[in-house]
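Chains, contacts and geometry: an overview
Take a look at the letters that make up each chain.
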Amino acid sequence: MTKQEEIQRLKEEKDAVILAHFYVEPEIQEAADYIGDSFKLSRIAKELPNQTIVFCGVSFMGESGKLLSPGKRILMPAPDADCPMAHMVTKEEIERAREQYPDLAVVCYVNSTAEIKSWSDVCVTSANAVQIVRNLPNRNILFIPDRNLGRFVAQQVPEKNVILVNGFCPIHEAMKAQEIEDLKRAHPKALVLAHPECNEGVLAAADYIGSTSGILAYAKESGGEEFIIGTETGVLHELKKQNPDKRFFVPATPPVCHDMKKITLDQIIHVLKTGEHGADVDGQYATLAGASLERMLMLAGRTEGTEAFR
Ligand code: 13P
Ligand code: SF4
């Protein structure tokens, strides 16, 4: 029996379902029942009837699943897979901003710990941040922790005073605008599709900026045949599957999230067999953090690809 077959057998035996982010290894994406961006996965985890969910992603994703569905068992195949950005803001920074601006809304990117979410008023993902910030009644917005997504939101919603902190995704931040320019010169017809976690120089070169789902939707619907992809390389698997006749190029220094790549088929088999590595949230943060996530689902409604086109 292959590992994929064993996973299928165990899944049926345990009535479990596997969710995977687009950044995990292709073989993990193939083993999954659902693949998606952070927003889609958090919604699916809540809506599915299955009581056991194997979440192939980094720890904040498992925590979000647990916060939205406290009664479910959310198993994390690689419990040490963490997102560095998820820790990049302090409580003091938030308290200082709240003192300075009495009408402040603290808007928290889901790439954050449950503790950070509990200090916030509403969560967002890269798929709905612009729409949610635009519709908030508050003029002053503290956007945490991603300064790149925050700056992109501020540009899209100029009527708000968006205050940033200094968090960033090390993988998207490290992408080199020069390498994107080199690709553009080599493939002049290619469109640049970039994730808003990218640094300012890369985003300035982009024809489209959006979440991983947004990038996939754009590539599929566009009449273009060549694309330069400014996000983590895992997304290429689904891009190529959906668009076998289109060509995709990545920067010479490929953006790879080593935490997302930690997940293996053996680890999925292990958690399905043992029920180990269940995501857990410290009780002192659960109520407030869960409320911030629920507010996001309510404000985002049923609309998915709400990214802005440039
Ligand atoms: P999305 O899934 O929202 O596109 O975010 C990318 C990411 O970095 C997830 O960790
Ligand atoms: Fe975190 Fe960046 Fe990895 Fe996403 S790609 S999980 S933001 S380190």
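Reading guide: rules and limits
Residues numbered from 1 in each chain as written. Chains lettered and ligands numbered in written order. Predicted model: local features only at pLDDT ≥ 70, side-chain atom pairs only at ≥ 80, totals over all residues. Heavy atoms only, no water. Buried < 20%, exposed > 50% of the residue type's maximum accessible area, 1.4 Å probe, protein only. Helix = DSSP H or I, 4+ residues; strand = E, 2+ residues; numbered from the N terminus. Contact = heavy atoms within 4.5 Å. Polar contact = N/O pair within 3.5 Å; in protein donor to acceptor, adjacent residues only side chain to side chain. Pairing = 2+ DSSP bridges. Axes fitted to C-alpha atoms, helices over the stretch in contact; angles between N-to-C directions. Near = heavy atom within 4 Å. Areas by Shrake-Rupley, 256 points an atom, 1.4 Å probe, with all protein chains shown as cover. Nonpolar A, V, L, I, M, F, W, Y, C, P; charged D, E, K, R; others polar. Parallel < 35°, antiparallel > 145°, perpendicular 65-115°, else oblique. Left-handed = near helix turned anticlockwise from the far one by under 90°.

**Considerations on helix H3 (residues 38–47)**
The element H3 is largely enclosed, with a buried count of 7 among its 10 residues. Elements in contact with the buried residues of H3: strand S1 (16–21), strand S2 (34–36), strand S3 (52–56), helix H4 (59–68) and helix H15 (283–300). If you check the start of H3, you find a side-chain oxygen 2.9 Å away from the backbone N of Lys40, and it comes from Asp37.

**Comments concerning the sheet that holds strand S9 (residues 191–194)**
In space, the 4 strands of this open sheet follow the order S10-S9-S11-S12, with parallel pairing throughout. Unpaired on one side and paired on the other, strand S10 (208–209) and strand S12 (247–249) mark the two borders of the sheet. One ladder, built from 2 bridges, connects S9 with S10; its direction is parallel. Paired with Leu193 across the strands is Tyr208, a residue of S10. Its contacts with the sheet place helix H10 (residues 177–186) against S9, strand S11 (226–230) and S12, and it is angled at close to 175° to S11. With respect to the sheet, helix H12 (residues 212–221) is in contact with S9, S10, S11 and S12, its orientation differing from that of S9 by roughly 160°.

**Side note on the site of ligand 1**
Around ligand 1, a shell composed of 14 residues is seen, among which His21, Ser38, Ser126, His195 and Thr212 lie nearest. Note that an oxygen atom of ligand 1 is positioned 2.6 Å from one of the side-chain N or O atoms of His21. One of the backbone nitrogen or oxygen atoms of Ser38 is found 2.8 Å away from an oxygen atom of ligand 1. Coverage of ligand 1 by the protein chains reaches 97% of its 300 Å² of free accessible surface. By residue class, the composition of the shell around ligand 1 is 5 nonpolar, 7 polar and 2 charged.

**Looking at the sheet that holds strand S8 (residues 161–164)**
Read from one edge of the open sheet, 4 strands run S6-S5-S7-S8, paired in parallel fashion. If you trace the sheet from one side to the other, it starts and ends with strand S6 (122–124) and S8, each paired once. Sheet twist, expressed as the mean angle between neighbouring strand axes with direction ignored, is 30°. The sheet contact formed by strand S7 (residues 140–144) and S8 spans 4 bridges and is parallel. Among the inter-strand pairings, Ile141 is bridged to a residue of S8, identified as Val162. The strands touched by helix H8 (residues 147–156) are strand S5 (105–109), S7 and S8; relative to S8, the strand with the most contacts, the crossing angle is about 170°.

**Here we look at unusual backbone geometry**
In this chain, Ile144 is followed by Pro145 through a cis amide linkage whose omega measures -20°. Here Asp15, not a glycine, exhibits a phi torsion of approximately 50°, which is positive. Within the element layout of this structure, Asp15 appears in the loop between helix H1 (3–14) and S1. Positive phi, close to 60°, is recorded for His277, a residue that is not glycine. Positionally, His277 belongs in the loop between helix H14 (265–274) and H15. For His277, a relative accessible area of 33% translates into the label partly exposed.

**Observations concerning the packing of H12 against helix H13 (residues 235–242)**
Two numbers describe how H12 lies on H13: the axes approach to 10 Å, and their chain directions differ by 25°. With respect to their mutual orientation, H12 and H13 come out roughly parallel. The two elements H12 and H13 meet at a crossing, and its hand is right-handed. Facing Thr212, Ile215, Leu216, Ala219 and Lys220 of H12, the residues of H13 in contact are Val235, Glu238, Leu239 and Gln242. Across the contact of H12 with H13, the residue classes break down as 5 nonpolar, 2 polar and 2 charged.

Function cannot be read off these values alone, since they describe shape.
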